Amino acid sequence: ALPTSPVLLLSRNSSPARGVKHFDVDYFNTLSDEDKAGLLQVCRSGIENPDSGMGCYAIQPADYDKFKPFFSKVLADYHSVGDDAKHENDWSLSGVEGLPEDGKLDLEKLGLP
């Protein structure tokens, strides 16, 4: 018989979906009941669409921090980097051509409504 529990489906699935591939039952078992339900919701796409490339999506921005042990592995796999990699951006626009001289992106000055 096929397992009906989402946890069993995730743990026994050979799906290429990253959310399924990196689902860790031991990590899952450390979570509170509320967070277990939250992580299953995050992984729902991978359960319902086993051919999905990602197979997981944060429901809230805070999910990336709340489920960091899970998402760090998924995102590292997706970006082909180590799971301890950090994305940093200084938001500098230096070197970008076509910006107003004062550096302010005023929509009206750019001809946008």
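Before any of the text, the structure's been laid out above.
Residues numbered from 1 in each chain as written. Predicted model: local features only at pLDDT ≥ 70, side-chain atom pairs only at ≥ 80, totals over all residues. Heavy atoms only, no water.

Asks: Explain a nonpolar patch on the surface to me, please; I cannot follow it from the model alone.
Replies: On the surface, Leu93, Val96 and Leu105 cluster together into a nonpolar patch covering about 260 Å² of accessible area. Residue placement: Leu105 occurs in the segment after helix 6 (68-79). (Patch = residues over 30% accessible without salt bridge, like charges linked within 9 Å, V, L, I, M, F, W, Y side chains within 5 Å. Areas by Shrake-Rupley, 256 points an atom, 1.4 Å probe, with all protein chains shown as cover. Salt bridge = Lys/Arg side-chain N within 4 Å of Asp/Glu carboxyl O. Helix = DSSP H or I, 4+ residues; strand = E, 2+ residues; numbered from the N terminus.)

Asks: Before we go on, may I ask you to explain the packing of aromatic side chains in this structure?
Replies: Scanning the model with the defined rule gives three aromatic pairs in all. Summarising the aromatic geometry, the rings of Tyr64 and Phe71 are spaced 4.8 Å apart at their centres and angled 50 degrees between planes, so their arrangement reads as tilted. Take Tyr64: its relative accessible area is 41%, and that puts it in the partly exposed class. The buried category is assigned to Phe71, whose relative accessible area is 3%. Both rings, one in Phe70 and one in Phe71, keep their centres 5.2 Å apart while their planes meet at 70 degrees; by these two values the pair is edge-to-face. Three or more aromatic residues joined by ring pairs make a cluster, and in this case those are Tyr64, Phe70 and Phe71. (Phe/Tyr/Trp six-rings, centres within 6.5 Å; stacked < 30°, edge-to-face > 60°. Buried < 20%, exposed > 50% of the residue type's maximum accessible area, 1.4 Å probe, protein only.)

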